[in-house]
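As a plain string of letters, each chain reads:
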Amino acid sequence: MEITNVSEYEGIAKQKLPKMVFDYYASGAEDQWTLEENRNAFSRILFRPRILIDVSKIDLATTVLGFKISMPIMIAPTAMQKMAHPEGEYATARAASAAGTIMTLSSWATSSVEEVASTGPGIRFFQLYVYKDRNVVAQLVRRAERAGFKAIALTVDTPRLGRREADIKNRFTLPPFLTLKNFEGLDLGKMDEANDSGLASYVAGQIDRTLSWKDVKWLQTITKLPILVKGVLTAEDARLSIQAGAAGIIVSNHGARQLDYVPATIMALEEVVKAAQGRVPVFLDGGVRRGTDVFKALALGASGIFIGRPVLYSLAAEGEAGVRKVLQMLRDEFELTMALSGCRSLSEITRNHIVADWDLPQPLARL
């Protein structure tokens, strides 16, 4: 069967993967309202395409933190990719590099920063969870820097793990033949079986709940790498991120895996962009499955987007070739959306190219 869009990989992954693994990748928190909303919210934004513009040449290239990439579509950090495919993060790194875009490696990867660096050239960011033991954090950041990673994406929405009921039912734990490679030498790479979610128990034991704005500043004292604050959903926190010295902001609700009933990231985006006032770039992850979604995010002021689950599903289905195909399909759809909207470069995509349901005058309730 010819795969014609990104979403089709999910069904294939569901057939191929053990239930515990698929459910871990696919599920959101509690009622999974935000999980659905991350997708659904995109459908409430419509296009205002402009016509009779010469779109014979379209340029998708952009720069992120000074690094030139082929398109504003990048790879979000997702944990434990070797559960999806034996090549795991290696395959993802090679696919991102081939597509000329950025891969973000998870702290909880099943391949280490050094191993991912060994796959060859490419622009890579490192996603950081802050452990209670700050020496572990400092060591990890130094290793990422030495391995040629170009930025730190600091996840700030996970002082505790969200309640993911599928993981509790399945008693999720990392399969015995895998470890969290970045922590292997520190005796923090193993996840014990628990009565509920093994990952939730691991987080409760290791991740620092005291994490605060002062730690964003502390991080800047131990690394020269730019820091992206990942997990911002409000104007207030956007302003505080910039005050704390962040080089950029990622509007993210952790793939709807943390607090349920937060808004979809595409709904939160404009508030954050307005608060940032162009001082730092704002990115988005969550729910992107089409090139049209990418365009909508850019029209609302995002400098680029990150995809997570589509990478895992395509990795499970077809390994590196699957991830390459997902990036290519999104690129092709996005380019087509630009052409049909009358935009020849990213700078031509404006807020006037879309209309959102919140732009329309709301009917007054009858008294």
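Residues numbered from 1 in each chain as written. Predicted model: local features only at pLDDT ≥ 70, side-chain atom pairs only at ≥ 80, totals over all residues. Heavy atoms only, no water.

- Where an unreviewed UniProt entry is consulted, the protein chain appears under the name (S)-2-hydroxy-acid oxidase, with the organism given as Rhododendron griersonianum.
- Among the UniProt annotations of the protein chain, the heading Pathway (unreviewed entry) holds the following wording: "Photosynthesis; photorespiration; glycine from 2-phosphoglycolate: step 2/3." (UniProt positions renumbered as here; feature names shortened; annotations may be inferred.)

A few points about the overall build of the protein chain
Right, on to step 1. In terms of helices and strands, the protein chain carries 13 helices and 12 strands.
Right, on to step 2. Taken over the C-alpha trace, the protein chain has a radius of gyration of 20 Å; the compact-globule value for 367 residues is 21 Å, and the two agree within 12%.
Right, on to step 3. Projected onto its principal axes, the C-alpha positions of the protein chain cover 60 × 50 × 50 Å.
Right, on to step 4. When each of the 367 residues of the protein chain is scored for burial, the buried share is 56%. (Helix = DSSP H or I, 4+ residues; strand = E, 2+ residues; numbered from the N terminus. Rg over C-alpha atoms; globule rule 2.2 N^0.38 Å. Buried < 20%, exposed > 50% of the residue type's maximum accessible area, 1.4 Å probe, protein only.)

Considerations on the packing of aromatic side chains
Right, on to step 1. Summed over the entire model, instances satisfying the criterion amount to 11 aromatic pairs.
Right, on to step 2. Ring geometry for Phe-126 and Phe-149: centres 6.2 Å apart, planes at 85°, overall edge-to-face. Taken together, the residues Phe-126 in strand E6 (residues 124-128) and Phe-149 in the loop between helix H6 (134-146) and strand E7 (151-155) connect sequence positions 23 residues apart. The pair Phe-126 / Phe-149 is uniform in exposure class, with both members buried. (Phe/Tyr/Trp six-rings, centres within 6.5 Å; stacked < 30°, edge-to-face > 60°.)

Side note on the pattern of salt bridges
Right, on to step 1. Enumeration according to the criterion identifies 18 salt bridges in this entry.
Right, on to step 2. Of the charged contacts in the structure, one is a salt bridge between Glu-270 and Arg-351, with a shortest N-O distance of 2.6 Å. With Glu-270 in helix H11 (residues 265-276) and Arg-351 in the loop between helix H13 (309-341) and strand E12 (354-356), this pair connects stretches of sequence that are 81 residues apart.
Right, on to step 3. Classification of Glu-270 as buried rests on a relative accessible area of 13%.
Right, on to step 4. A salt bridge links Asp-359 to Arg-351; the shortest N-O distance between them is 2.8 Å.
Right, on to step 5. By relative accessible area, Arg-351 is classed as partly exposed at 25%.
Right, on to step 6. What emerges from the salt-bridge pattern is a single network uniting Glu-87, Arg-94, Glu-320 and Arg-324. (Salt bridge = Lys/Arg side-chain N within 4 Å of Asp/Glu carboxyl O.)

Quick word on the pairing of E6
Right, on to step 1. The buried count for E6 comes to five of five residues, which makes it a mostly enclosed element.
Right, on to step 2. Residues Arg-124, Phe-126 and Leu-128 of E6 are buried on one face, and the alternating residues Phe-125 and Gln-127, pointing to the opposite face, are buried as well.
Right, on to step 3. With three bridges joining them, strand E5 (residues 103-105) and E6 adopt parallel strand pairing. Pairing of Met-103 across the sheet is with Arg-124, part of E6.
Right, on to step 4. The pairing of E6 with E7 spans four bridges and is classified as parallel. Bridge pairing in E7 links Phe-125 to Ala-151.
Right, on to step 5. You can see the chain leave E6, run along H6 and come back into E7, and the turn it takes is right-handed. (Pairing = 2+ DSSP bridges. Right-handed = clockwise from strand over helix to strand, strands pointing away.)

Considering the side chain of Ser-241
Right, on to step 1. The topology assignment puts Ser-241 in helix H10 (residues 235-243).
Right, on to step 2. Apart from residues no more than four positions distant in its own chain, Ser-241 is found in contact with Trp-213, Val-229, Val-232, Ala-246 and Ile-249. (Contact = heavy atoms within 4.5 Å.)

Some points on the packing of helix H12 (residues 291-299) against H13
Helix packing geometry: the angle between the two helix axes and the distance between the axes.
Right, on to step 1. Where H12 contacts H13, the two axes come as close as 7 Å, and the packing angle between them is 60°. The pairing of H12 with H13 is recorded here as oblique in orientation. As H12 packs across H13, the resulting crossing turns out to be right-handed. Across from Gly-291, Thr-292, Val-294, Phe-295 and Leu-298 in H12, the residues of H13 making contact are Leu-330, Glu-333, Phe-334, Thr-337, Met-338 and Ser-341.
Right, on to step 2. Along the lines of polarity and charge, the residues of the contact of H12 with H13 split into six nonpolar, four polar and one charged. (Axes fitted to C-alpha atoms, helices over the stretch in contact; angles between N-to-C directions. Parallel < 35°, antiparallel > 145°, perpendicular 65-115°, else oblique. Left-handed = near helix turned anticlockwise from the far one by under 90°. Nonpolar A, V, L, I, M, F, W, Y, C, P; charged D, E, K, R; others polar.)

Here we look at the packing of helix H1 (residues 8-16) against H13
Right, on to step 1. H13 packs onto H1 with a crossing angle of 170° between their chain directions and a minimal axis gap of 10 Å. In terms of orientation, H1 and H13 fall into the roughly antiparallel class. For the crossing formed where H1 meets H13, the hand is left-handed. Facing H1, whose interface residues are Tyr-9, Glu-10, Ile-12, Ala-13 and Lys-16, H13 presents Tyr-313, Ser-314, Ala-316, Ala-317, Glu-318, Gly-322, Lys-325, Val-326 and Met-329.
Right, on to step 2. Here the contact of H1 with H13 is built from residues that sort into eight nonpolar, two polar and four charged.

Structural notes on H10
Right, on to step 1. Of the residues making up H10, those classed as buried are Ala-235, Ala-238, Ser-241 and Ile-242. Along the axis of H10, the buried residues cluster in a sector spanning 120°; they form a single face.
Right, on to step 2. Elements that come into contact with the buried residues of H10 comprise helix H9 (213-222), strand E8 (227-232), strand E9 (248-251) and H11.
Right, on to step 3. Remark: Gly-245 follows H10 within two positions and exhibits a positive phi of approximately 95°. (Arc of directions from axis to C-beta.)

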